[in-house]
Amino acid sequence: MSEEKRICRKCLLSEQGEEGRVQLDKYLAVIHKEDKADDAVYEKRLERCRTCEQLSVDATCLSCGCYVEFRAILRRGKCPKHYW
Ligand code: SF4
């Protein structure tokens with residue numbers, strides 16, 4: 001049986017195993033607390049991204065090219081399609 005890791009089309013970076021979580025944590029660590037969205041806002045944005053037709057297999061947004069978690073964490077972040 002193959003040991004190959006399967007990544008679903010709608011996985012976010014944080015859901016793509018250790019490598020994704022490390023990459024995300026590194027990015028989030030350099031953002032000042034005052035520039036971050038509240039946890040509830042962040043989660044609500046990500047819920048919308050998870051069901052979005054613009055979410056790509058590599059957890060980026062096809063509209064803007066950003067990792068959606070990187071865009072959603074910013075307090076002043078905006079969805080390029082105005083979904084949030
Ligand atoms: S268009 Fe908006 S909701 Fe859709 S993946 Fe991009 S940032 Fe998320």
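Every residue gets a number counted from 1 within its own chain, in the order that chain's sequence is written. Residues qualify for local features only when their pLDDT is at least 70, as the model is predicted, and side-chain atom pairs are given and counted only at 80 or more; totals for whole chains, interfaces and linings, by contrast, use all residues.

Draft legend 1. Here's a closer look at the overall build of the chain. Runs of E in the DSSP output that reach at least two residues are strands. Runs of H or I that reach at least four are helices, and both are numbered from the N terminus. Secondary structure summary: the chain contains three helices and zero strands in total. Overall, the chain shows an N-to-C arrangement of helices and strands of α-α-α. Counting other C-beta atoms within 10 Å of each residue's C-beta, where C-beta atoms are placed from the backbone, gives the exposure class: buried for 20 or more, exposed for 12 or fewer, partly exposed between. Counting every position in the chain, which comprises 84 residues, the buried fraction comes to 14%. The contact criterion used here is simple: two residues whose C-beta atoms, placed from the backbone, lie within 7 Å are in contact. Taking as baseline every contact in the chain between residues at least 6 positions apart, the subset at least 24 positions apart corresponds to 54%.

Draft legend 2. Representation of the nonpolar core in the model. Among the nonpolar cores identified, the biggest contains 10 residues, and these are Leu13, Leu24, Cys49, Leu55, Ala59, Cys61, Tyr67, Val68, Ala72 and Ile73. Here Leu13 is in contact with Gly20, Gln23, Leu24, Ala59, Tyr67 and Glu69, once residues within four sequence places are set aside. The term nonpolar core refers to a set of buried Ala, Val, Leu, Ile, Met, Phe, Trp, Tyr and Cys residues connected through C-beta atoms within 7 Å.

Draft legend 3. Main features of the environment of Thr51. Inspection of the secondary structure puts Thr51 in the loop between α2 (39–50) and α3 (68–72). With 41 residues separating them along the chain, Thr51 and Lys10 place their C-alpha atoms 7.4 Å apart.

Draft legend 4. Structural detail: the site of the ligand. Contacts to the ligand come from 13 residues, most closely from Cys49, Cys52, Cys61, Cys79 and Lys81. Looking at the shell around the ligand, the elements with two or more residues in it are α2 and α3. Classifying every residue of the shell around the ligand by side-chain character gives eight nonpolar, two polar and three charged. What makes a residue near a molecule or strand is its C-beta atom, placed from the backbone, lying within 6 Å of it. For this scheme, ten residues count as nonpolar: Ala, Val, Leu, Ile, Met, Phe, Trp, Tyr, Cys and Pro. Four count as charged, namely Asp, Glu, Lys and Arg, and the remainder, Gly too, count as polar.

Draft legend 5. Quick peek at the environment of Arg48. The residue Arg48 is located in helix α2 in this model. Taking the number of C-beta atoms within 10 Å as the measure of exposure, Arg48 has 15 and is therefore partly exposed. The spatial distance from the C-alpha of Arg48 to the C-alpha of Trp84 is 7.6 Å, given a sequence separation of 36 residues. In this structure, Arg48 is in contact with Tyr83 and Trp84, ignoring residues within four places of it in sequence.

The values are spatial; any link to function lies outside them.
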